[in-house]
Amino acid sequence: NAGVTQTPKFQVLKTGQSMTLQCAQDMNHNSMYWYRQDPGMGLRLIYYSASEGTTDKGEVPNGYNVSRLNKREFSLRLESAAPSQTSVYFCASSIKQVNSGNTIYFGEGSWLTVV
Amino acid sequence: GENVEQHPSTLSVQEGDSAVIKCTYSDSASNYFPWYKQELGKGPQLIIDIRSNVGEKKDQRIAVTLNKTAKHFSLHITETQPEDSAVYFCAAGRNTGNQFYFGTGTSLTVIP
């Protein structure tokens, strides 16, 4: 059982280049998320998908797009990378459980550097 | 939106001592408060959570307390061990929602 798997693990981009971070979960979770983690800033939500076919903006969506390809997969795209998007990106998933609500499970992270 | 503050940002304790990390939140509608442990190069892992209908929850050496009136919650680790060394994050949100707001993290070092 792999949990949440994201690729690539490391990537260096030049300013203006585009790229897509891929994420897949095998836990049959309904909701999926993309966070970014910056020093001293904690984890900030970029976009989330509450269920297959829906996506919503989080705290810091500017410069990103997402696609919920199916229940398992949720990708994050940088159309024109900027140095401010240098960060560690985490994909996550969760399922609402009766009487307990959402519990979020994170992937291992993708280290992105934009030069 | 919600604003979560976490203190201290770094914490060093001797092995066997206790460690306490504190968080405050601003949105009185928040009712779910998870704590995550992040080891170097890894994703955050849930270690304990508490919902607003209880004031304290324990799991072996880890406990979390919640004061809804004061809008603060704390993580307590007793009998610390070197493997407890990691970055710990608190978070707050609504357990029926999808947006959780994280604190800025506490780097805990347990000195053998």
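Criteria and thresholds
Residues numbered from 1 in each chain as written. Chains lettered and ligands numbered in written order. Predicted model: local features only at pLDDT ≥ 70, side-chain atom pairs only at ≥ 80, totals over all residues. Heavy atoms only, no water. Helix = DSSP H or I, 4+ residues; strand = E, 2+ residues; numbered from the N terminus. Polar contact = N/O pair within 3.5 Å; in protein donor to acceptor, adjacent residues only side chain to side chain. Contact = heavy atoms within 4.5 Å. Core = buried A, V, L, I, M, F, W, Y, C linked by side-chain atoms within 4.5 Å. Buried < 20%, exposed > 50% of the residue type's maximum accessible area, 1.4 Å probe, protein only. Phe/Tyr/Trp six-rings, centres within 6.5 Å; stacked < 30°, edge-to-face > 60°. Disulfide = S-S within 2.5 Å.

What follows is about the side chain of threonine 106 of chain B. Residue and element names in this part refer to chain B. On the secondary structure map, threonine 106 appears in strand β11 (residues 106-111). At 2.5 Å, the side chain of threonine 106 and the backbone oxygen of proline 8 are in polar contact. The residues contacting threonine 106, other than those within four sequence positions of it, are Gln6, His7, Pro8, Ser9, Leu11, Ile21, Ala86, Val87 and Tyr88.

In terms of nonpolar packing, the biggest core is built from 24 residues, with Trp35, Phe73, Leu75 and Leu108 of chain B touching the most fellow members. If you list the elements that add at least two residues to this core, you get β2 (10-14), β3 (19-24), β4 (32-38), β5 (45-51), β7 (62-67), β8 (72-77), β9 (86-93) and β11 of chain B. Among the elements that line this core, the one with the most residues is β9 of chain B, at four residues. With residues near it in sequence (within four places) discarded, leucine 108 of chain B still touches Leu11, Val13, Ala19, Ile77, Asp84, Ser85, Ala86 and Tyr88 of chain B. Listed in part, the 19 residues of the second largest apolar core include Met32, Leu76, Ala81 and Cys91 of chain A.

Turning our attention to the packing of aromatic side chains. This model, assessed by the stated rule, comprises 15 aromatic pairs over all chains. The interplanar angle of 75° and the centroid separation of 6.1 Å between the aromatic rings of phenylalanine 106 of chain A and phenylalanine 102 of chain B together place this pair among those described as edge-to-face. Taken together, the positions of phenylalanine 106 of chain A in strand β10 (residues 101-106) and phenylalanine 102 of chain B in strand β10 (residues 100-102) put the pair across two chains. Judged by relative accessible area, which is 7%, phenylalanine 102 of chain B ranks as buried. Through pairs of rings, three or more aromatic residues link up here, namely Tyr33, Tyr35, Tyr48, Phe90 and Phe106 of chain A together with Tyr36 and Phe102 of chain B.

Glancing now at the state of the cysteines. Considering all chains together, one arrives at two disulfides over all chains under this definition. A sulfur-sulfur distance of 1.9 Å marks the disulfide that ties cysteine 23 of chain A to cysteine 91 of chain A. Disulfide cysteine 23 of chain A-cysteine 91 of chain A: the torsion about the S-S bond is -80°, which places it as left-handed. One end of the pair, cysteine 23 of chain A, is in strand β3 (residues 19-25); the other, cysteine 91 of chain A, is in strand β9 (residues 87-97), and 68 residues separate them in sequence. The pair cysteine 23 of chain A / cysteine 91 of chain A is uniform in exposure class, with both members buried. The residue that forms a disulfide with cysteine 23 of chain B is cysteine 90 of chain B, at a sulfur-sulfur distance of 1.9 Å. Sign of the S-S torsion, about -100° for the bond between cysteine 23 of chain B and cysteine 90 of chain B, identifies this disulfide as left-handed. Of this pair, cysteine 23 of chain B sits in strand β3 while cysteine 90 of chain B sits in strand β9, and the two are 67 residues apart along the sequence. With respect to class, cysteine 23 of chain B is no different from cysteine 90 of chain B; both count as buried.

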